[in-house]
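Chain and residue survey
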Amino acid sequence: MRKLMIAAVTTFAFAGLAACGETAGEKEAGAQADAIEANANVEATQLENAADAASTDTARDALNAQADAVGEAAEEKADAVEAAAGNADGGMTTANTPN
């Protein structure tokens, strides 16, 4: 539960910082990305809790690896959502324009 609270607070803190100077589409994409990451944090925390309760090292390692994979996949998906919104205007107002 503590991990979940820390993750939620961190997510909202970064969301507040990222909101400065964004278009409406970028703000919406940021909110979607935050939701993706928050849901993944819940799932990863559940997997980590299951790993803590696992009876074998193999099961514990597998659950922790699965939790890491969930977090990484969510981060990539969230980044893609934000990048797509940031480039909706051709990159005229964003720093994430591809070279």
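In short, a report on the structure. (Residues numbered from 1 in each chain as written. Predicted model: local features only at pLDDT ≥ 70, side-chain atom pairs only at ≥ 80, totals over all residues. Heavy atoms only, no water.)

Observations regarding the overall build of the protein chain
A count of helices and strands for the protein chain gives 3 helices and 0 strands. From first element to last, N terminus to C terminus, the protein chain shows the α and β order α-α-α. Within the protein chain, contacts between residues separated by at least 24 positions form 55% of all contacts whose residues are at least 6 apart in sequence. (Helix = DSSP H or I, 4+ residues; strand = E, 2+ residues; numbered from the N terminus. Contact = heavy atoms within 4.5 Å.)

Section: the environment of E76
Among the structural elements, E76 can be located in helix 3 (residues 57-86). By relative accessible area, E76 is classed as exposed at 60%. Between the alpha carbons of E76 and A33 there is a distance of 9.6 Å; along the sequence they are 43 residues apart. (Buried < 20%, exposed > 50% of the residue type's maximum accessible area, 1.4 Å probe, protein only.)

A short note on the pattern of salt bridges
Here the structure, examined in full by the defined rule, presents 1 salt bridge. Residues R60 and D57 are paired through a salt bridge, measuring 2.5 Å at the closest nitrogen-oxygen approach. With a gap of 3 residues between them, R60 and D57 both fall in helix 3, about one helical turn apart. When its relative accessible area of 26% is taken as the criterion, R60 is described as partly exposed. (Salt bridge = Lys/Arg side-chain N within 4 Å of Asp/Glu carboxyl O.)

Description of helix 2 (residues 24-53)
The end-to-end C-alpha distance of helix 2, which contains 30 residues, comes to 44 Å, matching closely the 44 Å that a straight helix rising 1.5 Å per residue would cover. Buried within helix 2 are the following residues: E26, A29, G30, A33, D34, A40, A44, T45, L47 and A51. (Expected span 1.5 Å × (residues − 1).)

Overview of the environment of D57
Residue class for D57 comes out exposed when judged on its relative accessible area of 53%. Reaching out from D57, the side chain makes a polar contact with the side chain of R60 at a distance of 2.5 Å. (Polar contact = N/O pair within 3.5 Å; in protein donor to acceptor, adjacent residues only side chain to side chain.)

Here's the deal with helix 3
End to end, helix 3 covers 43 Å across 30 residues, agreeing with the expected 44 Å (1.5 Å per residue, within 8%). Within helix 3, the full set of buried residues consists of A67, V70, A74, A78, A85 and G86. Here the buried face of helix 3 lies against helix 2.

Quick notes on the packing of helix 2 against helix 3
At a closest axis distance of 9 Å, the pairing of helix 2 and helix 3 adopts a crossing angle of 180°. One way to sum up the angle between helix 2 and helix 3 is to call them roughly antiparallel. Across the contact of helix 2 with helix 3, the residue classes break down as 15 nonpolar, 6 polar and 8 charged. (Axes fitted to C-alpha atoms, helices over the stretch in contact; angles between N-to-C directions. Parallel < 35°, antiparallel > 145°, perpendicular 65-115°, else oblique. Nonpolar A, V, L, I, M, F, W, Y, C, P; charged D, E, K, R; others polar.)

A closer look at the nonpolar core
Counting 6 residues, the largest nonpolar core consists of A40, A44, L47, A67, V70 and A74. For this core, the elements supplying multiple residues, two or more each, are helix 2 and helix 3. Beyond its immediate chain neighbours, meaning those up to four positions away, A74 contacts I36, E37 and A40. (Core = buried A, V, L, I, M, F, W, Y, C linked by side-chain atoms within 4.5 Å.)

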